[in-house]
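Each chain is listed here by its residues.
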Amino acid sequence: MRLKRKSGRGAFWDDDGGFSTLGMAVALLVTLSLVFSAAQVYRVSSASADIQDVADACVLAAEGEVAEFVIAVRVCDAVVLSLSLTSAAMFGLGVVALCAPPAAELGIELVNLGTKVLQARNTFAERAASGLNALQEALPFLAAASAYATASSNSGGAMAASYLGIAMLVPAEGERIEVAASKALSDAADAVSEDAESLKQASEETEEAAKEAFSAKEEGFKRDCGDVPAYCMYERAEALSSISSTSNPLFHTVDAWSFSVALDRAKAYYSARFEDEAPQSSAIEEQAESALRKVFYRFALAEVSRGFVLDTGDSFDAFFPLLPKNTAEMKATRLYADPVFPLGKDSSGATTLHAWGGCPNASPSMGTASIAQMETGNYPVCDVCRFTAASLGRVAAASSSISNGFEYHYGAVARAAADYAAARAKQDEAAREVKGKAGGLLEKCKEALSEIGGMRIDAKPPGYKGAISMVVNLVAAPADTGFASSFVGGSSSLGARAAVSGATLLEEESEEGRTVVSSLLDGLAEDGGAAVGAARFALDVWSLALRAYCDGQEAVDNEIRHSLDSLPLASASGLGVWAADRLADIVEATGFAPAKLDALKPVLVSTGYVAASDSGTFSSRYQVIRNGVLSTSSSSASLFDSLVGKVEDEALRALEGADGAIEIVCIEFPFGGGSVPITITLPDSVRRATGGLVSAAADALRGVVASVTGTRVWH
């Protein structure tokens, strides 16, 4: 069929109004050209945009170095603070132990170890500050090297990219780290060390007096009720009187008993005996003796009612009135002088004194007189009641002289009370000296705890406000690299591309910080495992102090109480328990706050935000460096070159001899031997090449500027 040209349709349409073969071919070519062009545009745009992803990765890698540095700072802070706490605790625990003679020798060792811990703390603090400051100076280069390595690792790809990147920390220089010595802790060390021996001696004197006092109290307890069912005041009162069980209590331990129990029992006993007393028969002799017993019981009740027991815990005083055991002792009491006996006349008309008013010769009554008057007037003895001074003297003689008498045991308790009072006087005087010394030393420990709680390493390293990365791709690759096509021309090329990115550190709730600090405990267990005795005790205290760093006041309280429970504080004086309670109260009032252990996570932010966060010279420096990378400013090249050169030497010094990590400082155990290093891990790329990469990175980073500006500074 022959094509015919129709008016208005042209060569691209056939007679039926459809595409001609030529039209179809042209349409396909145009479509393919558009498809390939669009694909190339997308590909070129993607290749150009990749540099932003690389810049983001570089700045995150750089800021990650800062985050790891902060972790190292926190570990050093944990060690310094835990050593400070351990030293203060050792001094406090040593004082407590010195107050209890069974633990006194351990107390001396604890005080000596506390001094060693303090020395280790000061040495470590000095070395840690030096190591952290050295690493802080190298941190800008470590960050730059990390950014450089990250950029390089992203090179290649479809467009054969060759990325070079740098990162600038904000601020570029950190604040110098200082770890001061604790004056209060040093003062506590001096005071405790100076007074340790005298405190030990005073505690031993107090203990001896306390043992004497306890022995006297134990004797009093036995004679009052502790010897039951054998003869004692309790048993005799129950057997000989109608005393109630309430007034006649039974105690089973000397600790629950006091001398006031015996005195109250005696009062109740004589009251009951006075009320119970009655003649056993109508015989004159029995009635006379009963009357005299009643006189004695009334007198005894009055006498023991004058007694007292005053025990405040800090002092003791007691008075147990002694009762007469014979006629001679009776004459020394008011029984001899009291005019209570009836007067009468015998059959001869002579004046006589009678045992009681019921005597036949006492009637009619002629008044009353005393035994003293009878003997002074040489009264004849009544031939009926036969009353004499000896009659009354014999009333308590038997019960005071043999163990089946109440007065026998009451007298023993009275003597024990006197012995106890004398021993307590010595004990209380010595205890006041101990409490004065120990209280003053514990106050020193309190001041130390208050001071060291606020002595933290507060680092502000380079980059703590953020970082800015600058990445360039200087490969001028043909536009059709890896995508050659007849539909897209290959004469054009992609020139140099550049991107910037910013990042900062954001606190994120995490167990990482706690895990890092806890890992120190593994080192303690491994290297300090050989420690025994006081050294083992000190290591346990340090272990608890590290946990307290994470958990704060509650953990500190638990640390002290756990340590106190490990001390042999049981003693007669009880001063060890007193000192332990005092130390626990002091620690509880410290108000120790836990450390901030949230993990620091690098996050992307705008470079404007990072630049604005620096109130110093960062903004201008950033602009100069940025212009130096993106323009031909030779001055910017010099500035950037000087920045790289400044940190290169410090980085090389810090990395010298490093094998995958930089050791900041090593914890030297002051007891038990061993040590635990604190290190910061190098990036993988740095780990592979260490110092060689540093120099290579520095040279390449200088080349970033030189390749753009044409200016090369040789080193």
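The rules behind the values
Residues numbered from 1 in each chain as written. Predicted model: local features only at pLDDT ≥ 70, side-chain atom pairs only at ≥ 80, totals over all residues. Heavy atoms only, no water. Helix = DSSP H or I, 4+ residues; strand = E, 2+ residues; numbered from the N terminus. Buried < 20%, exposed > 50% of the residue type's maximum accessible area, 1.4 Å probe, protein only. Contact = heavy atoms within 4.5 Å. Patch = residues over 30% accessible without salt bridge, like charges linked within 9 Å, V, L, I, M, F, W, Y side chains within 5 Å. Areas by Shrake-Rupley, 256 points an atom, 1.4 Å probe, with all protein chains shown as cover. Salt bridge = Lys/Arg side-chain N within 4 Å of Asp/Glu carboxyl O. Lys, Arg positive; Asp, Glu negative; His and termini not counted. Charge placed at Lys NZ, Arg CZ, Asp CG, Glu CD. Core = buried A, V, L, I, M, F, W, Y, C linked by side-chain atoms within 4.5 Å. pLDDT = per-residue confidence, 0-100. 1 Å grid on protein atoms, 1.4 Å probe; cavity = no way out; pocket = protein on both sides within 12 Å on 5 of 7 lines; lining within 4 Å. Points joined across faces, edges and corners; volume = space filled by probe spheres on them.

### Looking at unusual backbone geometry
Peptide bonds are, in most cases, trans, and in most cases residues other than glycine have a negative phi.
Turning to step 1, where the next piece is worked out: Note the cis peptide between V228 and P229, where omega equals 15°.
Turning to step 2, where the next piece is worked out: Mapped onto the elements of the fold, P229 is located in the loop between α3 (183-226) and α4 (233-240).
Turning to step 3, where the next piece is worked out: The linkage connecting S363 with the following residue, P364, adopts the cis geometry, with an omega of 5°.
Turning to step 4, where the next piece is worked out: Note on placement: P364 falls in the loop between β5 (351-353) and β6 (368-369).
Turning to step 5, where the next piece is worked out: For N378, which is not glycine, the phi dihedral falls at a positive 55°.
Turning to step 6, where the next piece is worked out: Among the secondary structure elements, N378 is positioned in the loop between α9 (371-376) and α10 (389-393).
Turning to step 7, where the next piece is worked out: Backbone geometry at R386 places phi at a positive 55°, although glycine is not the residue there.
Turning to step 8, where the next piece is worked out: Along the chain, the position of R386 falls in the loop between α9 and α10.

### Regarding the environment of G114
Turning to step 1, where the next piece is worked out: Within the secondary structure, G114 is located in helix α2 (residues 104-153).
Turning to step 2, where the next piece is worked out: G114 gets classed as buried once you look at its relative accessible area, which sits at 0%.
Turning to step 3, where the next piece is worked out: Spatially, the C-alpha atom of G114 lies 5.7 Å from that of F91, the residues being 23 residues apart in sequence.
Turning to step 4, where the next piece is worked out: Those residues within four positions of G114 in sequence are excluded, and the remaining contacts are S87, M90 and F91.

### Here we look at a negative patch on the surface
Turning to step 1, where the next piece is worked out: Taken together, the side chains of E197, E204, E205, E208, E429 and E433 make up a negatively charged region of the molecular surface.
Turning to step 2, where the next piece is worked out: The set of elements that each furnish at least two residues to the negative patch consists of α3 and α12 (406-452).
Turning to step 3, where the next piece is worked out: Considering every element that reaches the negative patch, the biggest residue donor is α3, with four residues.

### Section: the nonpolar core
Turning to step 1, where the next piece is worked out: Of all hydrophobic cores here, the largest spans 102 residues; its most connected members are L93, V96, L199, L564, L567 and L583.
Turning to step 2, where the next piece is worked out: The biggest single contributor to this core is helix α1 (residues 21-98), with 27 residues.
Turning to step 3, where the next piece is worked out: For L199, the contacting residues outside a window of four places in its chain are V95, L98, C99, V434, K437, A438 and L441.
Turning to step 4, where the next piece is worked out: Of all hydrophobic cores here, the second largest spans 62 residues; its members include M233, F259, W356 and A416.

### Some words on the confidence of the model for the protein chain
Turning to step 1, where the next piece is worked out: Averaged over all residues, the pLDDT of the protein chain equals 79, while 71% of them reach at least 70.
Turning to step 2, where the next piece is worked out: Below a pLDDT of 50 lies the segment residues 632-640, which in the model reaches 15 contacts outside its immediate sequence neighbourhood of four places, other chains included.
Turning to step 3, where the next piece is worked out: The model gives residues 704-715 a pLDDT under 50, and that stretch makes 28 contacts with residues more than four places away or in other chains.

### Brief notes about the layout of surface pockets
Turning to step 1, where the next piece is worked out: Within this model, the second largest pocket holds a volume of roughly 440 Å³.
Turning to step 2, where the next piece is worked out: If you trace the second largest pocket, you find 22 residues lining it, with G313, R424, Q427, A572 and S573 closest to the centre.
Turning to step 3, where the next piece is worked out: Counting only elements with at least two residues in the lining of the second largest pocket, the list comes to α3, α12 and α16 (575-588).
Turning to step 4, where the next piece is worked out: The biggest single contributor to the lining of the second largest pocket is α12, with seven residues.

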